[in-house]
Amino acid sequence: ELTELMKYVGDPPSLSNVPESYWNNGGKKLRQAIQPILESVFIEQAASVARSVNLTIDWMLVNEQAVNWASEYAGKLITKITETNRKLVNEYVQRYYRDSWTIDDLVDKLSVMFSKERARIIAITETTNAATQSELSTINYLEGQYNLRYDGYWLTANDDRVCDYCGPRHDKLIDDGEYPPAHVNCRCEVRFELH
């Protein structure tokens, strides 16, 4: 991706050289990679919740919800990632001129945007989000179908890597409507208990 971008940006670099199709096609590739993973995590978490409560679930409905949520959310996520990339590329190209960078300096800065580490961060954050959304969807279904009420409790990994935001929420009732992930690389989850 970085090699393709650098071909368009040129030397001297200009963001205006990058065609709109570059941003659109990158988003399509990313969406094709991410959407099936989000669907899979959604369905697996719904199955986990269903096993824990030992109630019958309409799996056609769960599958439909998984596809609909993953499709809509992946589109929003890709748009956000693409817009962030575009802003960063623009900023780095401006700094190329302002700070007298070389092309190699520009490539070094841009390589951070397209690293395996960034992909890993997105994967952790978004699979956490898919799991939480599936659980919420399944709990909402169970509450409506069986006239039940569940309370959600925020669970951290409870280790030294837990952040200052999530740490105080550990094992506390979620009463503000905010669920994990709270930030990128958030490893938190929700425990639901019948009220």
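Data block above holds the structure.
Now for a description of the structure that goes with this document. Note that this is a predicted model, so its numbers are computed, not measured.

## Examining the layout of surface pockets
Item 1. As a volume, the largest pocket reaches approximately 620 Å³.
Item 2. Residue lining of the largest pocket: 29 residues in total, with Glu1, Gly26, Leu30, Ile34 and Ile122 positioned closest to the centre.
Item 3. For the lining of the largest pocket, the elements supplying multiple residues, two or more each, are helix H1 (2-9), helix H2 (20-53), helix H3 (59-98) and helix H5 (116-146).
Item 4. Ranked by residues supplied to the lining of the largest pocket, first place goes to H2 with twelve residues.
Item 5. Each residue belonging to the lining of the largest pocket can be placed in one class, and the counts come to 16 nonpolar, eight polar and five charged.
Item 6. By volume, the second largest pocket is sized at about 310 Å³.
Item 7. Every residue along the wall of the second largest pocket is listed here: Tyr73, Lys76, Leu77, Lys80, Ile81, Thr84, Arg118, Ile121, Ile122, Thr125, Glu126 and Val184.
Item 8. Elements that contribute at least two residues to the lining of the second largest pocket include exactly H3 and H5.
Item 9. The greatest single-element share of the lining of the second largest pocket, amounting to six residues, is contributed by H3.
Item 10. By residue class, the composition of the lining of the second largest pocket is six nonpolar, two polar and four charged.

## A short note on the sheet that holds strand E2 (residues 172-173)
Item 1. Pairing is antiparallel in the open sheet, where three strands are placed in the order E2-E1-E3. Looking at strand neighbours, the two that pair on one side only are E2 and strand E3 (189-194), the edges of this open sheet.
Item 2. Sheet topology note: the strand E1 (residues 150-155)/E3 ladder contains six bridges and is antiparallel. The residue bridging Tyr150 from the neighbouring strand is Leu194, located in E3.
Item 3. Against the sheet, H5 makes contact with E1 and E3, and its axis sits at roughly 15° relative to E3, the strand it touches most.

## Concerning the packing of H3 against helix H4 (residues 103-113)
For any two helices packed against each other, one specifies the crossing angle of their axes together with the interaxial distance.
Item 1. Where H3 meets H4, the closest approach of the two axes is 10 Å, and the angle between their N-to-C directions is 160°. The pairing of H3 with H4 is recorded here as roughly antiparallel in orientation. Seen along the crossing, H3 lies across H4 with a hand that is right-handed. Contacts between H3 and H4 involve Asn85, Leu88, Val89, Tyr92, Val93 and Tyr96 from the former and Ile103, Leu106, Lys109, Leu110 and Met113 from the latter.
Item 2. Partitioned by chemical class, the residues of the contact of H3 with H4 number nine nonpolar, one polar and one charged.

## Considering the packing of aromatic side chains
Item 1. If you walk through the whole model with that rule in mind, you get six aromatic pairs.
Item 2. A centroid spacing of 5.1 Å and a plane angle of 80° characterise the contact between Tyr22 and Trp23, whose relative ring orientation is edge-to-face.
Item 3. Put simply, the rings of Tyr8, Tyr22 and Trp23 pair up and form one aromatic cluster.
Item 4. Positioned over the ring face of Trp154 is Arg169, at 4.9 Å from the centre of the ring.

Calculation rules
- Residues numbered from 1 in each chain as written.
- Predicted model: local features only at pLDDT ≥ 70, side-chain atom pairs only at ≥ 80, totals over all residues.
- Heavy atoms only, no water.
- 1 Å grid on protein atoms, 1.4 Å probe; cavity = no way out; pocket = protein on both sides within 12 Å on 5 of 7 lines; lining within 4 Å.
- Points joined across faces, edges and corners; volume = space filled by probe spheres on them.
- Helix = DSSP H or I, 4+ residues; strand = E, 2+ residues; numbered from the N terminus.
- Nonpolar A, V, L, I, M, F, W, Y, C, P; charged D, E, K, R; others polar.
- Pairing = 2+ DSSP bridges.
- Contact = heavy atoms within 4.5 Å.
- Axes fitted to C-alpha atoms, helices over the stretch in contact; angles between N-to-C directions.
- Parallel < 35°, antiparallel > 145°, perpendicular 65-115°, else oblique.
- Left-handed = near helix turned anticlockwise from the far one by under 90°.
- Phe/Tyr/Trp six-rings, centres within 6.5 Å; stacked < 30°, edge-to-face > 60°.
- Lys NZ or Arg CZ within 6 Å of the ring centre and 35° of its normal.

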